[in-house]
Amino acid sequence: MILKEIISILEEMAPLAYAEDFDNVGLLIGNQETQIEGILVCHDALESVIDEAIARKCNLVVCFHPILFSGLKKITGNNYVERSVLKAIKNDIAIYAVHTALDNHKNGVNKIFCDALGLINTRIFIPKENFIRKLVTYTTPENAEALRDALFDAGAGNIGNYENCSFSSKGIGTYMGNENSTPVIGERFEFVEGEEIKIEVTFEKQFESKILKALFKNHIYEEVAYEIIELKNANNNIGLGMIGELENPMGEVEFLSFVKEKMQANGIRHSSYIGRKVTKIAVLGGSGSFAISKAIASGADVFLTADIKYHQFYEAENKLLLADIGHFESERYTKNYIVDYLRKKILNFAIVLSEENTNPVKYL
């Protein structure tokens, strides 16, 4: 397969528009026109993983964490990032990272986390804001239905569990074309006044170019009047973390032991027990200490995340049990999910799960 074809499938799984602004996702190394012979899926694209890709005849590495996170001013092989990049380039191996694009997906990192623990009634913990747009346009009554349907086909009009959502209203539109115009209705220099339909649809921002293309292609006017408005509404289907429930409540000690087993954690650092049964759990794979107050506000009994500092454990304030299960451990099954997804989408193709354990944290 050509790399750009695989990228299209990866972006269906983890749209790049879902990624956080600070992140560096997508194609990090390589040319989109490259013929791909095999795909190695890993957690971190370290030098040892590039060696594994070479040995297993894979010239595309799909990683969770981006090996290139901040800018490189030189590539001399003096650190682990530079060595990985050099080896990948020398051996014509492309690298593609998903990271927070998959973190924010409703079926991504945190749903995988919840599923590993068997949680039910799951929902997004921190819905993504400033991600929804609204298109407003105007057309003739005769063109309204066809135009609206084209906008739906391009990805507009989805709200939660509903699709083909729009609002239409009638009004009177006016215009007068100049000497360079070619009006569909009326003549040049003629003042035209007629009935128009105002169409309003919302959409996720990653569909904007596709929706505008559909608008211009299916609108009958020479000059299309439209507005795109950024909405403050939170998108409850996209965002960081997830909240779920245990089907059968557990005691705190029993629950942490359960988590340790299911997530294969070598140790769990946690705040003081608060003496209540565990039912409602907030999870946030990776570094989630910034969300402690949100977890408390959500009414969760436990907040499972990673990279919590000493003083941040005080922030639990005996209002919930705060547990750090390890960064790698909280994202442990992500690469398995990516492999399963790609194997369903690309049949009869070499898609390999990396055997390298890239967890940099060791336990005695």
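Residues numbered from 1 in each chain as written. Predicted model: local features only at pLDDT ≥ 70, side-chain atom pairs only at ≥ 80, totals over all residues. Heavy atoms only, no water.

A. Main features of the side chain of Thr-202. Tracing the chain through its elements places Thr-202 in strand E8 (residues 192-204). Discounting residues that sit within four places of it in the chain, Thr-202 has contacts with Ile-132, Arg-133, Lys-134, Ala-156, Gly-157, Asn-158, Ile-159 and Leu-231. (Helix = DSSP H or I, 4+ residues; strand = E, 2+ residues; numbered from the N terminus. Contact = heavy atoms within 4.5 Å.)

B. Up close: the sheet that holds strand E1 (residues 26-29). Strand order in the open sheet formed by 5 strands is E1-E4-E3-E2-E15, and the pairing between neighbours is mixed. Each edge of the open sheet is held by one strand with a lone partner, namely E1 and strand E15 (351-353). Taken pair by pair, the neighbouring strands of this sheet meet at an average axis angle of 30°, ignoring direction. Examined bridge by bridge, strand E2 (residues 39-44) and strand E3 (residues 60-65) share 5 bridges and lie parallel to one another. Bridging across to E3, Asp-44 finds its partner in His-65. Helix H2 (residues 47-55) rests against E2, E3, strand E4 (94-97) and E15 of the sheet, and its axis sits at about 165° to E2. Against the sheet, helix H11 (residues 334-345) makes contact with E2, E3 and E15, and its axis sits at roughly 165° relative to E15, the strand it touches most. (Pairing = 2+ DSSP bridges. Axes fitted to C-alpha atoms, helices over the stretch in contact; angles between N-to-C directions.)

C. Layout of helix H6 (residues 141-153). Along H6, the positions that sit buried rather than exposed are Asn-143, Ala-144, Leu-147, Arg-148, Ala-150, Leu-151 and Phe-152. At its buried positions, H6 is contacted by strand E6 (132-139), strand E7 (167-175), E8 and helix H7 (208-218). Gly-155, located one to two residues past H6, shows a positive phi value of around 115°. (Buried < 20%, exposed > 50% of the residue type's maximum accessible area, 1.4 Å probe, protein only.)

D. Examining the sheet that holds strand E14 (residues 321-324) more closely. With mixed pairing, the 6 strands of this open sheet are ordered in space as E5-E10-E12-E13-E14-E11. Two strands in the sheet have a free side with no partner beyond their single neighbour: strand E5 (120-128) and strand E11 (269-270). In terms of strand pairing, strand E10 (residues 235-250) meets strand E12 (residues 278-287) through 5 bridges, oriented antiparallel. The residue bridging Ile-243 from the neighbouring strand is Ala-282, located in E12. Of the strands in this sheet, E10, E11, E12, strand E13 (302-306) and E14 are in contact with helix H8 (residues 252-262), which crosses E10 at around 120°.

E. Region of interest: the environment of Ala-14. By secondary structure assignment, the location of Ala-14 is in the loop between helix H1 (3-13) and E1. Residue Ala-14 is classed as buried on the basis of its relative accessible area, which comes to 1%. When residues no more than four places from it in sequence are discounted, the contact partners of Ala-14 are Val-98, Ala-101 and Leu-102.

F. Expanded view of the pattern of salt bridges. For the structure shown, the criterion picks out 14 salt bridges. For Glu-33, the salt bridge is made with Lys-4, and the minimal N-O distance between the two is 3.1 Å. Separated by 29 residues along the polypeptide, Glu-33 in the loop between E1 and E2 and Lys-4 in helix H1 bring together distant segments of the chain. Here Glu-20 and Lys-128 are joined by a salt bridge, their closest N and O atoms 3.1 Å apart. Linking Glu-20 in the loop between H1 and E1 with Lys-128 in strand E5, this pair joins segments that are 108 residues apart in sequence. Salt bridges sharing partners connect three or more residues here, namely Glu-47, Asp-51, Arg-83 and Lys-87. (Salt bridge = Lys/Arg side-chain N within 4 Å of Asp/Glu carboxyl O.)

G. The arrangement of the pairing of E6 in detail. Of all 8 residues that make up E6, 6 are buried, and the element is covered over most of its length. The sheet contact formed by E6 and E8 spans 8 bridges and is antiparallel. Note on E8: the bridge partner recorded for Ile-132 is Glu-204. Direction of pairing for E6 relative to strand E9 (residues 226-230): antiparallel, over a ladder of 5 bridges. Bridged to Lys-134 within E9 is Ile-229.

H. Molecular detail of the packing of H2 against helix H3 (residues 80-90). For the pair H2 and H3, the least separation of the axes is 8 Å and the interaxial angle reads 20°. The angle between H2 and H3 places the two elements in the roughly parallel class. Note on packing geometry: the crossing formed by H2 with H3 is left-handed. Contact residues: H2 offers Glu-47, Ile-50, Asp-51 and Ile-54, while H3 offers Arg-83, Ser-84, Lys-87 and Ala-88. Among the residues forming the contact of H2 with H3, the class breakdown is 3 nonpolar, 1 polar and 4 charged. (Parallel < 35°, antiparallel > 145°, perpendicular 65-115°, else oblique. Left-handed = near helix turned anticlockwise from the far one by under 90°. Nonpolar A, V, L, I, M, F, W, Y, C, P; charged D, E, K, R; others polar.)

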